[in-house]
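So you can see what is in the structure, the chains are spelled out below.
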Amino acid sequence: GRSRRGRGRREGAAGRAVGLGLRREIVHQVVEEAARLGGAMDGDDGGVAEARERARRLPNVVAIEADATRYRPPAPADCAYFSYSLTMIPDWRAAIDNAVGMLRPGGSLGAVDFHLPLDAGPLERRFWTLWFARSGVRPSGEHLRYLRARLDHAYLREWRAPLPYLPWLRAPVYLFVGRRRERAR
């Protein structure tokens, strides 16, 4: 049987992680996921040095510090994902456009991040905007809308996740996976 690490991996598949996000453990998860996908990991974060260190033991992972709005790998990727990073990228639309552009037709783009749900009232929206601003995080209700406009929707889950040190306070989070269209609409 196949090992757990190799599950879902296609020989020669290439994946891209765009942005390392807020938390140190995200770097570890992104590196491990990039290894599972059999591709490279691209980061736009000070955590790239740590990712490089962890990736040294994984021959199929390369950590690259680059601008998420401009970096293009030498070959199209089968998948790319943003892990708690869109809310920290000032020109997040350009980052999404660039990630979609680096995918082969039919390739997948995933994003997991904090956001402001459409059903949130003005008080809740204001609270989360101010709360996250202290960390340079800019949650938005627009990320999901833009992802849906650029990709064919494959999967969406929204939930409220506990925050470190404040488990009774739950922040709105989404996980989106979409596929690059074979042709532009």
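As a reminder, the structure under discussion sits directly above these lines.
Residues numbered from 1 in each chain as written. Predicted model: local features only at pLDDT ≥ 70, side-chain atom pairs only at ≥ 80, totals over all residues. Heavy atoms only, no water.

Enquirer: Honestly, the overall build of the protein in this entry has me stumped. Any pointers?
Expert: Check the secondary structure of the protein and you find 5 helices and 7 strands. Ordered by position in the sequence, the α and β elements of the protein form the string β-α-β-α-β-β-α-β-α-α-β-β. In the protein, buried positions account for 47% of the 185 residues. Within the protein, residue pairs in contact and separated by at least 24 positions form 70% of the contacts whose partners lie at least 6 positions apart. Only carbon and sulfur atoms are counted for the fraction: they give 53% of the accessible area of the protein, which is about 10100 Å². (Helix = DSSP H or I, 4+ residues; strand = E, 2+ residues; numbered from the N terminus. Buried < 20%, exposed > 50% of the residue type's maximum accessible area, 1.4 Å probe, protein only. Contact = heavy atoms within 4.5 Å. Areas by Shrake-Rupley, 256 points an atom, 1.4 Å probe, with all protein chains shown as cover.)

Enquirer: In this structure, what is going on with the nonpolar core? I would like to understand it.
Expert: The nonpolar side chains of soluble globular proteins are, as a tendency, buried together. Counting residues in hydrophobic clusters, the biggest one holds 19 residues, and the most contacted among them are F82, L86, I96, L109, L147 and Y174. Elements that contribute at least two residues to this core include exactly strand 4 (77-83), helix 3 (92-102), strand 5 (103-114), helix 5 (142-150) and strand 7 (166-179). Take this core: its biggest share by element is 5 residues, from helix 3. Filtering out sequence-adjacent residues up to four positions away, I96 remains in contact with F82, L86, L109, Y146, L147 and R150. Ranked by size, the runner-up nonpolar core spans 12 residues in total, among them L116, F132, V137 and A171. (Core = buried A, V, L, I, M, F, W, Y, C linked by side-chain atoms within 4.5 Å.)

Enquirer: Just checking my understanding: could you explain the pairing of strand 6 (residues 152-163) for this structure?
Expert: For a regular strand, the rule is simple: side chains alternate between the two faces of the sheet. Pairing of strand 6 with strand 7 involves 11 bridges; the strand directions are antiparallel. The residue bridging D152 from the neighbouring strand is R179, located in strand 7. Linking strand 6 back to strand 7 in an antiparallel pair, the connection comprises 2 residues, with Y165 at a positive phi of about 70°. (Pairing = 2+ DSSP bridges.)

Enquirer: Whenever I open this one, the pattern of salt bridges confuses me. Can you help?
Expert: Should their charged atoms come close, side chains of opposite charge can pair. For the structure shown, the criterion picks out 6 salt bridges. A salt bridge links D78 to R104, with the nearest nitrogen and oxygen atoms 2.7 Å apart. Of the two residues, D78 sits in strand 4 while R104 sits in strand 5, which places them 26 residues apart along the sequence. The class for D78 is buried, based on a relative accessible area of 13%. (Salt bridge = Lys/Arg side-chain N within 4 Å of Asp/Glu carboxyl O.)

Enquirer: Help me understand the pairing of strand 7 in this model?
Expert: Of the pairings in the sheet, the one linking strand 5 to strand 7 comprises 7 bridges and is antiparallel in character. Considered in strand 7, the bridge of V112 is made with L175.

Enquirer: Quick question: what am I supposed to make of helix 5 here?
Expert: Helical periodicity: at 3.6 residues per turn, an α-helix aligns residues three or four positions apart in one direction. Among the residues of helix 5, H143, L144 and L147 are the ones counted as buried. Axial view of helix 5: buried residues confined to an arc of 95°, hence all on one face. Residues of helix 5 that are buried in the fold lie against helix 3, strand 5, strand 6 and strand 7. (Arc of directions from axis to C-beta.)

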